[in-house]
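# Chain and residue survey
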Amino acid sequence: MGVTGNMADNNFRKKMILLSLLYLSQGLPFGFQATALPLYLRTQGISLAAIGFAGALAAPWLLKPFWAPLVDRYWNRDFGKRKSWIVPLQVLLFLSILSASMISAGSDLFPLMTAVFMMNVFAATQDIAVDGLAVDILSTHELGTGNAAQVVGYKTGMLLSGGLLVWFSSYTGWQGFFIAMAAISIVPLPFILLYREGKTREKHSGDREVKSFREIVTIALEAFRLPGAHWFLLFVSTYKIGEYMIDAMFKPFLIDSGFSASDIGLWVGTWGMIASLAGSLAGGYMASKISILRALFIAVFLRIIPLAMEFGLTIVIPSSSTVIATTVAEHFFGGMLTTAMFAFMMSRVDKRIGATHYTIIAAIEVLGKSPGTWASGLLAERIGYTGLFAAGVILSSIILFIFPMLKRGENKA
């Protein structure tokens, strides 16, 4: 019994380390795209208009559901279903980042933009395969901890490429930035090469090889017709609309309240990120100790508290201490919710087409919360910060009423 338990614990640790490192690697391009790229381009004298258009380079992250079925359909049987994609994409991601170190943005913008675009293509496609790997190897009771490892790994990658390595570049230059980023990106390669995927993948009743692209699409469409599926999709696509409405305008609100950009950057970028990582771990722990749906309900409920605190700041004169407390609470409970939500999403995936199904659900999650950001500025101009933040709190509270339907659908599934 003791030997068996030790083997199980060792296998579990290997899973967590592998997933966290793979997601860390994938978080590097996204953190670079969101934070470091605009800074890099501006230091090279690139126009503001070009910097704005550079945001389109992240399009592969939104478009990846269109080629996700290929990841479920084609692989080398001897090498491993997910390793067949992850290993070559890991090498290509490394090479694309390394190639950026050899390009001067000031002399020619196109090669650099091409390199960044390819980083996103490789990372987004690898994300499909890694999500599929997580669906394959994580048992139900491991979903909470497994998704915590993924979220923390991804956020750490973003923190490195969007923060620490930017600071590092002040000593090494941008060439050193890209070389260091490339070196970090290749760290998971030996771990995935040594991982014996075929030996550890769980077998499920009715689990069989999917034979064609059409069958993959058919199974995906059937999954969205199951009992309670419409409530599940409604929840996934709306659970963060209110939060994103508030988040998009919270920093402008702080600027208009008289706080400096440097202070806001410290509070949100440092204390906020640390709190987010802690919240992600807490959400994973909670989802591993109680049912995932109950953990998700608790996280949604607790997330309302910091949103209400942000609303409260609009009707008083905010101080630095209240802003910091609100920021830390918002990021902590937001991180908790993200981990619980991803575990819930993964628990509803058809394992026969794990990569495709989860990628589609994740895309719906991203697209669903985006309108909150898009509409936030217009609403703030029309009804003010107080009205906007109040609307965000109300929308976030309404989400709680979907849970009875989710529970009913879970019982029927």
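Up top is the structure these notes are about.
So, here is what we can say about the structure in this document. (Residues numbered from 1 in each chain as written. Predicted model: local features only at pLDDT ≥ 70, side-chain atom pairs only at ≥ 80, totals over all residues. Heavy atoms only, no water.)

Counting its secondary structure elements, the chain contains 17 helices and zero strands. For the chain, the C-alpha radius of gyration of 22 Å lies close to 22 Å, the compact-globule estimate for 413 residues. Along the longest, intermediate and shortest principal axes, the C-alpha atoms of the chain span 60 × 55 × 45 Å. Scored against the burial criterion, the 413 residues of the chain give a buried share of 50%. Considering only intrachain contacts with a sequence separation of at least 6, the fraction spanning at least 24 residues in the chain is 84%. If you sum the accessible surface of the chain, you get close to 18,500 Å²; carbon and sulfur atoms cover 69% of it. One way to put it: in the chain the 32 positive side-chain charges average out to a point 7 Å from where the 24 negative ones average out. (Helix = DSSP H or I, 4+ residues; strand = E, 2+ residues; numbered from the N terminus. Rg over C-alpha atoms; globule rule 2.2 N^0.38 Å. Buried < 20%, exposed > 50% of the residue type's maximum accessible area, 1.4 Å probe, protein only. Contact = heavy atoms within 4.5 Å. Areas by Shrake-Rupley, 256 points an atom, 1.4 Å probe, with all protein chains shown as cover. Lys, Arg positive; Asp, Glu negative; His and termini not counted. Charge placed at Lys NZ, Arg CZ, Asp CG, Glu CD.)

Moving on, we get to the packing of helix α12 (residues 241-256) against helix α15 (residues 320-347). With their axes 13 Å apart at the nearest point, α12 and α15 run at an angle of 155° to one another. By the angle between their axes, α12 is roughly antiparallel relative to α15. Relative to α15, the crossing made by α12 is left-handed. In contact with E243, D247, F250 and L254 of α12, α15 contributes V323, T326, T327, E330 and L337. (Axes fitted to C-alpha atoms, helices over the stretch in contact; angles between N-to-C directions. Parallel < 35°, antiparallel > 145°, perpendicular 65-115°, else oblique. Left-handed = near helix turned anticlockwise from the far one by under 90°.)

Here the focus is a nonpolar patch on the surface. On the surface, a cluster of nonpolar side chains totalling about 480 Å² of accessible area is made up of L62, L63, F66, V366 and L367. The set of elements that each furnish at least two residues to the nonpolar patch consists of α3 (59-63) and α16 (354-398). Mapped onto the fold, L367 is located in helix α16. (Patch = residues over 30% accessible without salt bridge, like charges linked within 9 Å, V, L, I, M, F, W, Y side chains within 5 Å. Salt bridge = Lys/Arg side-chain N within 4 Å of Asp/Glu carboxyl O.)

Once that is clear, we can look at the environment of A183. With respect to the helices, strands and loops of the structure, A183 is situated in helix α7 (residues 143-185). The exposure class of A183 is partly exposed, given its relative accessible area of 42%. Separated by 129 residues in the primary sequence, A183 and G312 place their C-alpha atoms 45 Å from one another.

Further remarks concern the nonpolar core. Counting 109 residues, the largest nonpolar core has L37, L112, F177, F235, L296 and F344 as its most contacted members. Counting residues per element, this core draws most heavily on helix α6 (residues 109-137), which supplies 16 residues. Beyond its immediate stretch of four places on either side in the chain, L37 contacts F32, A54, L57, M113 and V116. (Core = buried A, V, L, I, M, F, W, Y, C linked by side-chain atoms within 4.5 Å.)

A few words on α6. Each full turn of the α-helix corresponds to 3.6 residues, which orients residues three or four apart in the same direction. Relative to the 42 Å expected for 29 residues at 1.5 Å per residue, α6 spans 42 Å between its end C-alpha atoms, a close match to the ideal helical length. Judged by how many residues are buried, α6 sits mostly within the fold: 23 of 29 residues are covered. (Expected span 1.5 Å × (residues − 1).)

Our next topic: the packing of α7 against helix α13 (residues 261-289). Their axes nearest at 7 Å, the elements α7 and α13 cross at an angle of 165°. Classed by the angle they form, the pair α7 and α13 counts as roughly antiparallel. Crossing of α7 against α13: the hand is left-handed. Mapping the contact onto sequence places G144, T145, A148, V151, V152, K155, T156 and L159 in α7 and G269, M273, S276, L277, S280, L281, G284, A287 and S288 in α13. Across the contact of α7 with α13, the residue classes break down as eight nonpolar, eight polar and one charged. (Nonpolar A, V, L, I, M, F, W, Y, C, P; charged D, E, K, R; others polar.)

Now for the pattern of salt bridges. Evaluated as defined, the whole model comprises nine salt bridges. We note a salt bridge from K64 to D127, for which the minimum N-O separation is 2.3 Å. A residue pair is termed long-range when its members are at least 10 positions apart, and K64 in the loop between α3 and α4 (68-73) and D127 in helix α6 qualify at 63 residues. Both residues of the pair, K64 and D127, belong to the buried class. For the salt bridge of R82 with D136, the shortest nitrogen-to-oxygen distance reads 2.9 Å. With R82 in the loop between α4 and α5 (83-100) and D136 in helix α6, the pair connects residues that are 54 residues apart, well separated along the chain.

Scanning the model with the defined rule gives 20 aromatic pairs in all. Feature note: the residues F232, F235, Y239, F297, F344 and F403 constitute an aromatic cluster, connected by ring pairs. One Lys or Arg, K81, reaches over the ring of W75 and ends 4.9 Å from the middle of that ring. Positioned above the aromatic ring of F232 is the side chain of R348, whose terminal nitrogen or guanidinium carbon lies 4.6 Å from the ring centre. (Phe/Tyr/Trp six-rings, centres within 6.5 Å; stacked < 30°, edge-to-face > 60°. Lys NZ or Arg CZ within 6 Å of the ring centre and 35° of its normal.)

This part takes up the side chain of D72. You can see D72 is positioned in helix α4. D72 sits in the buried class, given a relative accessible area of 2%. A distance of 2.6 Å separates a polar atom in the side chain of D72 from a polar atom in the side chain of T356. Setting aside residues up to four positions removed in sequence, D72 forms contacts with K81, R82, I216, R352, I353, G354, A355 and T356. (Polar contact = N/O pair within 3.5 Å; in protein donor to acceptor, adjacent residues only side chain to side chain.)

Moving on, we come to the side chain of R303. Within the element layout of this structure, R303 appears in helix α14 (residues 292-313). A polar contact of 3.0 Å, which involves the side chain of R303, links it to the backbone oxygen of Y239.

Considering the arrangement of structural elements, one finds L57 in the loop between α2 (48-53) and α3. Judged by its relative accessible area of 11%, L57 falls in the buried class. Through-space distance from the C-alpha of L57 to that of T114 is 8.6 Å; in sequence the pair is 57 residues apart. In this structure L57 touches Q33, L37, M113, V116, F117 and N120, once residues within four positions along its chain are discounted.

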